[in-house]
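Remarks on the overall topology
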Amino acid sequence: QVQLVESGGGLVQTGGSLRLSCAASGRTASSYVMGWGWFRQAPGREREFVAAISWTGERTSYADSVKDRFTISRDNAKSTLYLQMNSLKPEDTAVYYCSAVQGWGTRDAANEYTYWGQGTQVTVSS
């Protein structure tokens, strides 16, 4: 099984930046081609898609709410996924989850992903 661990969350003021990381470990992570995704969930709301990236990095997808502010990237050699978040807003406050699934493409539905981290809290204050 692939194990995913998020880090980099914290408290930031409106307009600030954070970079989230997701470290993958396990035999599958080092052996299989993986597509990656970021999702977030605020209290009382459903988990929503944030961004996705293919194994090659050539295909990316973003939710309209974060487009032009967030950037997804990955380092396959390090088995690590990143989410650079700029111009943060209070509406971005949520627990952020990284996810992965074997394959070459990108996906934007949570139920299409096989592996999930436990999440990291991002809080944006005024």
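My aim in this report is to walk through the structure given alongside it, one point at a time.

Reading guide: rules and limits
- Residues numbered from 1 in each chain as written.
- Predicted model: local features only at pLDDT ≥ 70, side-chain atom pairs only at ≥ 80, totals over all residues.
- Heavy atoms only, no water.
- Core = buried A, V, L, I, M, F, W, Y, C linked by side-chain atoms within 4.5 Å.
- Buried < 20%, exposed > 50% of the residue type's maximum accessible area, 1.4 Å probe, protein only.
- Contact = heavy atoms within 4.5 Å.
- Phe/Tyr/Trp six-rings, centres within 6.5 Å; stacked < 30°, edge-to-face > 60°.
- Helix = DSSP H or I, 4+ residues; strand = E, 2+ residues; numbered from the N terminus.
- Lys NZ or Arg CZ within 6 Å of the ring centre and 35° of its normal.
- Salt bridge = Lys/Arg side-chain N within 4 Å of Asp/Glu carboxyl O.

Quick look at the nonpolar core
- Among the nonpolar cores identified, the biggest contains 36 residues, and Leu4, Trp36, Trp38, Leu83, Met85 and Tyr96 are the most heavily contacted of them.
- Residues contacting Leu83, with those up to four places away along its chain left out, are Leu18, Arg19, Leu20, Trp38, Val50, Ala51, Phe70, Thr71, Ile72 and Tyr96.

Some points on the packing of aromatic side chains
- Across all of its chains, the model carries 4 aromatic pairs by this definition.
- Aromatic side chains Phe39 and Tyr113 sit 5.5 Å apart centroid to centroid with 80 degrees between the ring planes, which places their arrangement in the edge-to-face category. Taken together, the positions of Phe39 in strand S4 (residues 34–41) and Tyr113 in the loop between strand S9 (94–102) and strand S10 (115–116) put the pair 74 residues apart, joining distant regions of the chain.
- Accessibility expressed as a relative area gives 1% for Phe39, which makes it buried.
- For the ring pair Phe39 and Trp116, a centre distance of 5.1 Å and an interplane angle of 55 degrees mean the geometry is tilted. Highlighted residues: Phe39 in strand S4 and Trp116 in strand S10, separated in sequence by 77 residues.
- What links up through ring pairs into an aromatic cluster is the set Phe39, Phe49, Tyr113 and Trp116.
- Against the face of Trp116 rests Arg47, its NZ or CZ located 4.9 Å from the ring centre.

Regarding the environment of Tyr96
- Mapped onto the elements, Tyr96 comes out in strand S9.
- By relative accessible area, which is 0% here, Tyr96 ends up buried.
- Sequence-wise, Tyr96 and Asn111 are 15 residues apart; in three dimensions their C-alpha atoms are separated by 16 Å.
- If near-sequence neighbours (up to four positions away) are discounted, Tyr96 is found in contact with Glu6, Leu20, Trp38, Phe39, Arg40, Val50, Phe70, Leu83, Met85, Gly119, Thr120 and Val122.

With respect to the pattern of salt bridges
- The tally for this structure, following the rule as stated, stands at 4 salt bridges.
- Here Glu48 makes a salt bridge to Arg40, at a shortest N to O gap of 2.7 Å.
- Overall, the relative accessible area of 27% leaves Glu48 in the partly exposed class.
- The salt bridge involving Asp92 is made with Arg69; its shortest N-O contact spans 2.8 Å. Of this pair, Asp92 sits in the loop between strand S8 (80–85) and S9 while Arg69 sits in the loop between strand S6 (60–62) and strand S7 (70–75), and the two are 23 residues apart along the sequence. Each member of the pair, Asp92 as well as Arg69, carries the same accessibility label: buried.
- Look at the salt bridges and you will find they share partners, linking Arg40, Glu48, Arg69 and Asp92 into a network.

Observations concerning unusual backbone geometry
- The phi dihedral of Asp68 falls on the positive side, at around 80 degrees, and the residue is not glycine.
- Mapping Asp68 onto the fold places it in the loop between S6 and S7.
- With a relative accessible area of 79%, Asp68 lands in the exposed category.
- Despite not being glycine, Ser87 shows a phi value in the positive range, around 50 degrees.

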